[in-house]
Amino acid sequence: MNVAVSHAALAQSLTPGLSATDVRKTFGERTVLEGVNLSVQRGEIVAIVGESGCGKSTLLRLFAGLDTATSGKVSVDGKVSIAFQDSRLLPWLKVWENVAFGLRLLQAERKKQALAVLEEVGLGKLWDAWPATLSGGEGQRVALARALIHHPAVLLLDEPFGALDALTRIRMHALMLNLWRKHGFTVALVTHDVDEALTLADSVVVLGEGKVLDQFTIEAQRPRNRLDPGFGRLRERVLGLLGVPAL
Amino acid sequence: MVFAQTEFQHDKSDGPVPLDAKDRLTQIVSRFIPRTFPWSIVRRSVTPLLLIALWQYATAVGWVDPAVLAPPSQVWATFVELSSTGEILVHVLTSLQRVLLGLAIGGTVAVMLGVASGLSKLGEEAIDPPLQMIRAMPSLGTAPLLVIWLGIDEGVKVGLVAIGVVFPLYINLYKGIRGIDRRFAELAQMCGASRRELLTRVILPGALPSALVGLRLSLGIAWLSLVIGEGINAQGGIGYLVAQGRNALQTDWIILGLVLYAILGLLMEALVRLLEWRLLPWSRGFLK
């Protein structure tokens with residue numbers, strides 16, 4: 001009996017948080033993904049890096065269930081939440097109502113939970129603001145809070161820091177890592193920023209022309225030193241694959 | 001840092017720029033008048049007041065025959081006379097009632113049709129083509145038909161208003177619903193929102209600004225339709241005053257009627273603006 005249980009536990013721990021098997025996606029004539037294979041351990045941060053148009057956002061949309069693969073299999077272990085590049089807040093709902101949007105609970109409970117996650121992302125004070133009055137960084141924090149309120153097992157981030165200024169972006173990186181440590185969800189971060197990927201991720205998937213060009217793990221402890229020679233070598237490797245000269 | 005400081009000092013050493021005469025006058029005047037005095041309103045009222053004065057003067061010195069165009073003073077006198085008996089209030093209320101009834105009927109039809117064709121492709125295919133065909137006809141031109149169908153008394157008046165109101169409201173509501181960002185539907189899916197939530201928290205609030213624009217356009221057409229409707233067979237209402245003036249060759253009655261139409265139209269427009277202010281608090285930043 002005990003053995004059976006531990007087998008089950010072992011099997012569960014081996015279930016990947018996120019996986020894609022021979023995934024193809026075509027839009028009419030255009031093939032966006034051709035045979036993508038990848039597997040991400042539970043609780044890991046994977047960064048999917050590539051040029052714009054390489055299919056990385058399409059892959060994320062498949063994981064999110066917003067699109068279906070033309071062939072192949074996508075699997076996600078548990079509940080999925082997503083934060084988009086545009087914070088995508090409903091302009092006619094207050095910040096807290098945006099966060100609680102879709103939460104099927106009584107109004108008082110919705111509000112309580114929304115305030116709690118807003119506090120978590122450091123926006124407790126702005127719960128009653130209109131989205132139009134928020135800065136870009138604040139908007140993305142609300143989007144994160146809205147993703148967190150559903151207690152996701154997998155958090156999908158579609159270039160959520162892409163439109164932010166450099167300083168705000170660093171703050172958001174720290175916030176994301178803190179939330180990840182606290183909640184232990186699997187994170188799939190789509191980005192075109194190689195440094196961002198190398199700073200945050202446990203494993204990096206380099207996507208190009210619809211295929212996985214490279215996949216490697218990064219063992220280095222966080223916070224990571226960008227001046228470390230190892231970091232520089234990985235950076236050169238990824239940029240080389242993407243055909244960009246490293247400076 | 002040091003560099004900035006020296007530059008700053010250099011600026012200062014130039015000393016205050018001497019005031020010219022105009023600035024000095026402004027300074028003296030502003031000592032007697034509070035800074036927040038609404039000068040803009042005063043400046044804006046000058047031209048209209050001058051025009052009214054010119055109109056009065058032109059009839060007084062005989063440039064214009066008072067029989068052709070009654071002076072403002074006479075219009076005012078007629079207004080005071082009719083107000084004292086309470087007659088004018090009855091006419092105004094009669095007209096207002098016709099417009100509101102027409103708005104209610106036309107508005108209900110427009111909302112039902114707009115929501116149906118906005119929310120479903122099938123609804124659009126069923127509703128939109130015939131409505132666009134009817135729209136191509138001038139709504140005021142349906143008056144003779146309405147007289148036959150609904151009668152020459154209240155029917156044609158309320159009917160004209162109702163028909164005129166339908167199209168602007170329908171088109172803008174439909175457009176408002178269809179114009180909602182598709183990405184919000186994706187968001188609703190990801191957040192696990194129910195169909196009801198999608199409707200009440202995404203679609204309807206998203207379409208509201210456009211619908212209110214439609215309502216404002218509808219109001220303009222409503223008053224225009226009423227003027228035509230009351231002109232056909234005026235029994236009470238502001239149109240009755242105008243018809244009386246026409247029959248007796250009294251231009252002051254006609255002008256009084258027109259001014260009353262204008263005031264009521266403006267008041268209802270203001271009401272819709274107030275409605276916008278109340279219903280769209282999230283967009284106040286852009287409305288300013």
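Residues numbered from 1 in each chain as written. Chains lettered and ligands numbered in written order. Predicted model: local features only at pLDDT ≥ 70, side-chain atom pairs only at ≥ 80, totals over all residues. Heavy atoms only, no water.

Right, let's get into the overall build of chain A. Helix and strand counts for chain A come out as eight helices and nine strands. On C-alpha atoms alone, chain A measures out to a radius of gyration of 19 Å, which is about the 18 Å that the 2.2 N^0.38 rule sets for 247 residues. For chain A, the spread of C-alpha atoms along the principal axes amounts to about 55 × 50 × 45 Å. In chain A, the proportion of contacts linking residues at least 24 apart, taken out of those at least 6 apart, comes to 68%. Taken as a whole, chain A presents about 11,800 Å² of accessible surface, with 53% of it coming from carbon and sulfur. On chain A, the mean spot of the 28 positive side-chain charges and the mean spot of the 26 negative ones are 5 Å from each other. (Helix = DSSP H or I, 4+ residues; strand = E, 2+ residues; numbered from the N terminus. Rg over C-alpha atoms; globule rule 2.2 N^0.38 Å. Contact = heavy atoms within 4.5 Å. Areas by Shrake-Rupley, 256 points an atom, 1.4 Å probe, with all protein chains shown as cover. Lys, Arg positive; Asp, Glu negative; His and termini not counted. Charge placed at Lys NZ, Arg CZ, Asp CG, Glu CD.)

Now for the confidence of the model for chain B. When pLDDT is averaged across chain B, the result is 88; 91% of the residues are at 70 or more. Note on residues 1–14 of chain B: pLDDT is under 50 here. Beyond four places in sequence and across chains, it has zero contacts. (pLDDT = per-residue confidence, 0-100.)

What follows covers the sheet that holds strand β8 (residues 203–208) of chain A. Within a beta sheet, neighbouring strands are joined by backbone hydrogen bonds and run either parallel or antiparallel to one another. Residues and elements named next belong to chain A. Across the sheet, which stays open at both edges, the six strands sit in the order β5-β6-β7-β3-β8-β9 with mixed pairing between neighbours. Both outer strands of the open sheet, β5 (80–83) and β9 (211–217), are each paired with one neighbouring strand and no more. Between one strand and the next, the sheet's axes are offset by a mean angle of 15 degrees, whatever the strand orientation. Of the strand pairs in this sheet, strand β3 (residues 45–49) and β8 are connected by four bridges, and their pairing is parallel. Each residue of the ladder has a partner; that of I48, found in β8, is V205. Each of β3, β6 (154–158) and β7 (186–191) touches helix α6 (residues 166–183); the most contacted strand, β3, lies at about 140 degrees to it. (Pairing = 2+ DSSP bridges. Axes fitted to C-alpha atoms, helices over the stretch in contact; angles between N-to-C directions.)

Where empty space is left can be seen by rolling a probe of water-molecule size over the atoms. A full pass over the atoms with the stated rule returns one cavity of 30 Å³ or more. Volume-wise, the largest cavity comes out at about 70 Å³. Considering the residues around the largest cavity, the lining is formed by A:V80, A:S81, A:I82, A:F84, A:R146, A:A147, A:H150, B:L187, B:M190 and B:C191. Every element with two or more residues in the lining of the largest cavity is listed here: β5 and α5 (136–148) of chain A together with α9 (182–190) of chain B. With three residues, the single largest contributor to the lining of the largest cavity is β5(A). Split into classes, the residues belonging to the lining of the largest cavity amount to seven nonpolar, two polar and one charged. (1 Å grid on protein atoms, 1.4 Å probe; cavity = no way out; pocket = protein on both sides within 12 Å on 5 of 7 lines; lining within 4 Å. Points joined across faces, edges and corners; volume = space filled by probe spheres on them. Nonpolar A, V, L, I, M, F, W, Y, C, P; charged D, E, K, R; others polar.)

So, about the packing of aromatic side chains. Scanning all chains against the criterion turns up six aromatic pairs over all chains. With a centroid separation of 5.5 Å and 65 degrees between ring planes, the pair formed by A:W92 and B:W282 is classed as edge-to-face. Of this pair, A:W92 sits in the loop between β5 and α3 (95–99) while B:W282 sits in the loop between α12 (251–279) and α13 (284–287), each in a different chain. Comparing A:W92 with B:W282 shows no difference in burial state: the two are buried. Here a set of aromatic residues connected by ring pairs shows up, and it is made of A:W92, B:F184 and B:W282. The ring of A:F84 has A:R88 lying over it, and the distance from NZ or CZ to the ring centre is 3.6 Å. (Phe/Tyr/Trp six-rings, centres within 6.5 Å; stacked < 30°, edge-to-face > 60°. Buried < 20%, exposed > 50% of the residue type's maximum accessible area, 1.4 Å probe, protein only. Lys NZ or Arg CZ within 6 Å of the ring centre and 35° of its normal.)

Another point: the interface of chain A and chain B. Listed per partner, the contact involves 24 residues of chain A and 19 residues of chain B. When the buried area of chain A at its contact with chain B is split by residue, A:R88, A:W92 and A:F101 rank highest and sum to 35% of it. Put simply, chain A and chain B have four salt bridges between them. With a shortest N-O distance of 3.6 Å, B:E197 and A:R110 are connected by a salt bridge. Linking chain A with chain B are eight residue pairs in polar contact (both at pLDDT 80 or more). Going through the elements one at a time, α2 (56–64), β5 and α4 (107–120) of chain A are the ones with two or more residues in the side of chain A that touches chain B. Split into classes, the residues belonging to the side of chain A that touches chain B amount to 13 nonpolar, four polar and seven charged. (Buried area = accessible area lost by both parts, 1.4 Å probe. Salt bridge = Lys/Arg side-chain N within 4 Å of Asp/Glu carboxyl O. Polar contact = N/O pair within 3.5 Å; in protein donor to acceptor, adjacent residues only side chain to side chain.)

Residues and elements named next belong to chain A. If you trace the three strands from one edge of the open sheet to the other, you get β2-β1-β4, paired in antiparallel fashion. Both outer strands of the open sheet, β2 (30–40) and β4 (71–76), are each paired with one neighbouring strand and no more. For this sheet the average axis-to-axis angle between neighbouring strands, irrespective of direction, equals 25 degrees. One ladder, built from eight bridges, connects strand β1 (residues 18–27) with β2; its direction is antiparallel. Within the sheet, the bridge partner assigned to A20 lies in β2 and is L38.

What follows covers the packing of helix α7 (residues 143–150) of chain B against helix α8 (residues 154–178) of chain B. Residue and element names in this part refer to chain B. Viewed as axis vectors pointing N to C, α7 and α8 meet at an angle of 130 degrees, and their least axial separation amounts to 9 Å. Judged by the angle between their axes, α7 and α8 are oblique. In this structure, α7 crosses over α8, and the sense of that crossing is right-handed. Facing α7, whose interface residues are A143, L146, V147 and L150, α8 presents G155, V156, G159, L160 and I163. (Parallel < 35°, antiparallel > 145°, perpendicular 65-115°, else oblique. Left-handed = near helix turned anticlockwise from the far one by under 90°.)

What follows is about the packing of helix α5 (residues 87–119) of chain B against helix α10 (residues 195–232) of chain B. Residues and elements named next belong to chain B. Contact geometry for α5 and α10: axes closest at 9 Å, N-to-C directions at 140 degrees. On the basis of the axis angle, α5 is oblique to α10. The interaxial crossing formed by α5 with α10 has right-handed handedness. Listed contacts from α10 to S95, L96, R98, V99, L103 and L119 of α5 are L199, I203, L219, A222, W223, L226 and E230. For the contact of α5 with α10, the class distribution of residues is ten nonpolar, one polar and two charged.

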